[in-house]
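Architecture and fold: a report
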Amino acid sequence: MSNKTEEIEKIRRLREVARRKEMEKKLSIICDLSRDLSLSLDIDKIANITVDVMRKVLEFDTSFFLLLEDKELNIVAASGFKEDVVGKKFLLDAKKGIIPWVAREGKSHLTNNTEKDDLFINIVGDFETKSEICVPLKIKDKVIGVLNAESERYNAFNEKDLKLLETLASQAAIAIENARLFKKLRESEERYRNLFENARDVIITFDLKGNVISVNKAIAEHGYRKDELIGKNMLKFVPKKYWPKLLKELAKIARGNSIEGEIEIITPKGEKISEYKSNPIRRGEKIVGFQTILRDITEQKRAEEILRKSKEKIEKLHNIATRLESLHSEEEVYELTIKTAKEILDFDRDTIFILEGDHLKIKATTEKGLSKDQRISIYRGIAGKTYRTAKSYLIEDVTRDKNARPSDERVRSAISIPIGNIGVFQAESLQVNAFTEEDRKLGELLISHVAEVLKRIRFEKTLKESEEKYRTTIESAPYGIAVLDQDGNFLIANSQLEKITGYTMKEIPDLETWFEKMYPDKKYRELI
């Protein structure tokens, strides 16, 4: 009897080991997904990568990846269908259907018997669905899409499958939002470049020493080529009598002030009198240079330029395991990551290093003896190796690892995980063999979320700077500028336009109203 009991226990343990290995395998696949998604900013590619991973971690007959657009759920990627279903749509407000319900409610749904599920309706595919699992793609509290999988078998899915699919959805949602942000950033920069290059007046950007960084093609009208100005100091192009004045104004700009005036410019075509206005260029709260618009007032002269800087804070999204999505700064991410990691891994201390130059600087730590000003070279220690190789390391015994240089000689084991190309996360224990492979995979999953959130915060920061450049150029123009949408509504109008017309955007919100104000006579309006 004892032998039989031992045999049963042995079988139970073997099954448990098999389950753990299978879960580790799935976690590894999900971690690989994080790396793949972080390398792509193409929405279709992100969708197809996600569907491919769904096929590896779930057993299903069909699946698809849907994005919400204008109250419709559009299939972006799919697997298991005989016909091409990409491009097909679900109405968000449909009375029946698990997919529309999940998108509306923002909640996951699992059914292992569709015949008993009042929400179920078979819309896509020519097979009989018996089980279905569906989770929302969410950024903060906003649903942006849905992941769905179906099976012809009853009881095909369980709660672990649901959790895995929710994890996939969280990573995919962050990647999709990053791709959208990147697209918006490129469009914003393109708008700025077009406005910068096609402006009729000369636009020059300088560093705080007065050296030319860039200049638009309008400079050719003054007889210069771009390469004749870039890298040169502004004093080279004005008579010496203006130097003291310009140096004083440069100091004012460095303090955040705008300046304007008239000045003589030395050009190959002779001296020209130009009207100028200079405004500081900011990155966050730091002034890094200034932008100057030059207008040849020997030919015409416009009214005084007025700069109106509009600072818009781009909402900082994303979180790790829901909470990180609500944070708004890198420092908050660091601190919450430290706390969140403790809930997942059993360790004595953890530290976050962020790359600064060729060093990793401590940004957050639970070790009391470590200073946040401490820096280590990326060519030293496990942290440096982790960053250089972009690989995670599980050190069972630091005394046997030649790269290990723990700050505390009592440390015996550690996990070191790269935070994308941003930095390194390390967890340490005073016990030998304190961590398992499963700990490493869980840590990688957590840190992959951190990396995506930090990337998004930095994307948002770059986008904000681009929009500030765009708005600065519009507002600094000496003539009226307005940007309209395809329906003729004013999106942006500079104060020069308001000064010329005598009306504000509230008084002339669209092109039709503008014509009515500018040309009160209806018959005359019809003629023009």
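Before reading further, recall that the structure is shown in the block above.
Cut-offs used in this document
Residues numbered from 1 in each chain as written. Predicted model: local features only at pLDDT ≥ 70, side-chain atom pairs only at ≥ 80, totals over all residues. Heavy atoms only, no water. Helix = DSSP H or I, 4+ residues; strand = E, 2+ residues; numbered from the N terminus. Buried < 20%, exposed > 50% of the residue type's maximum accessible area, 1.4 Å probe, protein only. Contact = heavy atoms within 4.5 Å. Core = buried A, V, L, I, M, F, W, Y, C linked by side-chain atoms within 4.5 Å. Pairing = 2+ DSSP bridges. Axes fitted to C-alpha atoms, helices over the stretch in contact; angles between N-to-C directions. Phe/Tyr/Trp six-rings, centres within 6.5 Å; stacked < 30°, edge-to-face > 60°. Salt bridge = Lys/Arg side-chain N within 4 Å of Asp/Glu carboxyl O.

1. Looking at the overall build of the chain
- A tally of regular secondary structure across the chain gives 11 helices and 19 strands.
- Per-residue burial over the chain gives 48% buried out of 528 residues.
- Counting only contacts in the chain whose residues sit at least 6 apart along the sequence, the fraction spanning at least 24 positions is 52%.

2. Let's talk about the nonpolar core
- Ranked by size, the top nonpolar core spans 31 residues in total, and within it M54, F65, L137, L147, L165 and L168 carry the most contacts.
- When contributions to this core are tallied by element, the ones reaching two or more residues are α2 (43–57), β1 (62–69), β2 (72–79), β5 (131–139), β6 (142–151) and α4 (159–198).
- Considering every element that reaches this core, the biggest residue donor is α4, with 10 residues.
- Each residue touching L165, except ones within four places of it in the same chain, is listed here: M54, L58, I133, V135 and L147.
- I338, I447, V450 and V453 belong to the second-largest nonpolar core, a separate cluster that totals 25 residues.

3. Here's the deal with the environment of S371
- Position of S371 relative to the elements: it lies in the loop between β13 (359–365) and β14 (375–377).
- Placed 10 residues apart in sequence, S371 and K361 show a C-alpha to C-alpha distance of 9.7 Å.

4. Considering the sheet that holds strand β3 (residues 89–91)
- Reading across the sheet, the 6 strands line up as β3-β2-β1-β6-β5-β4 and stay open at both edges, with antiparallel pairing between neighbours. Edge positions in the sheet fall to β3 and β4 (109–111), since each of these pairs with one other strand and no more. Each adjacent strand pair in this sheet contributes to an overall mean axis angle of 20°, direction not counted.
- Across 6 bridges, β1 lies against β6 in antiparallel orientation. The partner of F65 across the bridge, within β6, is L147.
- Contacting β1, β2 and β6, α2 runs over the sheet at an angle of about 60° to β2.
- Across the face of the sheet, helix α3 (residues 98–105) comes into contact with β1, β2, β3, β4, β5 and β6 while running at roughly 30° to β5.

5. Examining the pairing of strand β8 (residues 212–215)
- By the bridge criterion, 3 bridges tie strand β7 (residues 202–207) to β8 in an arrangement that is antiparallel. When the sheet's bridge partners are listed, T205 is paired in β8 with S214.
- Count of turn residues in the β7/β8 antiparallel hairpin: 4 residues, of which G210 carries a positive phi of about 90°.

6. Some remarks on the packing of aromatic side chains
- As enumerated under the stated definition, the model contains 3 aromatic pairs in all.
- On the basis of an interplanar angle of 15° and a centroid distance of 4.8 Å, the ring pair of F206 and F290 is categorised as stacked. Placement of the pair is F206 in strand β7 and F290 in strand β11 (residues 286–296), with a sequence separation of 84 residues.
- Residue class for F206 comes out buried when judged on its relative accessible area of 7%.

7. Points about the pattern of salt bridges
- Throughout the structure, instances matching the rule amount to 15 salt bridges.
- In this structure, the salt-bridge partner of D227 is R225, at a minimum N-O distance of 3.2 Å.
- Salt-bridge contacts for K241 lead to E264; the nearest nitrogen and oxygen are separated by 3.4 Å. Of this pair, K241 sits in the loop between β8 and α5 (243–254) while E264 sits in strand β9 (residues 259–267), and the two are 23 residues apart along the sequence.
- Through salt bridges with shared partners, one network takes in R225, D227 and E228.

8. Observations concerning the pairing of strand β19 (residues 490–493)
- When strand β18 (residues 482–484) meets β19, the two strands line up antiparallel, connected through 3 bridges. What sits directly across from V483, in β19, is I492.

9. Here we look at the sheet that holds strand β16 (residues 413–419)
- Read from one edge to the other, the open sheet built from 6 strands follows the order β14-β13-β12-β17-β16-β15, with strand pairing classed as antiparallel. In this open sheet, the two strands that pair with only one neighbour each are β14 and β15 (393–395). The sheet shows a mean angle of 25° between the axes of neighbouring strands, taken without regard to direction.
- The pairing of β15 with β16 spans 3 bridges and is classified as antiparallel. Directly across from L394, in β16, lies its bridge partner I415.
- Packing against the sheet, helix α7 (residues 381–389) makes contact with β12 (349–356), β13, β14, β15, β16 and β17 (423–429), and its axis sits at approximately 140° to β17.

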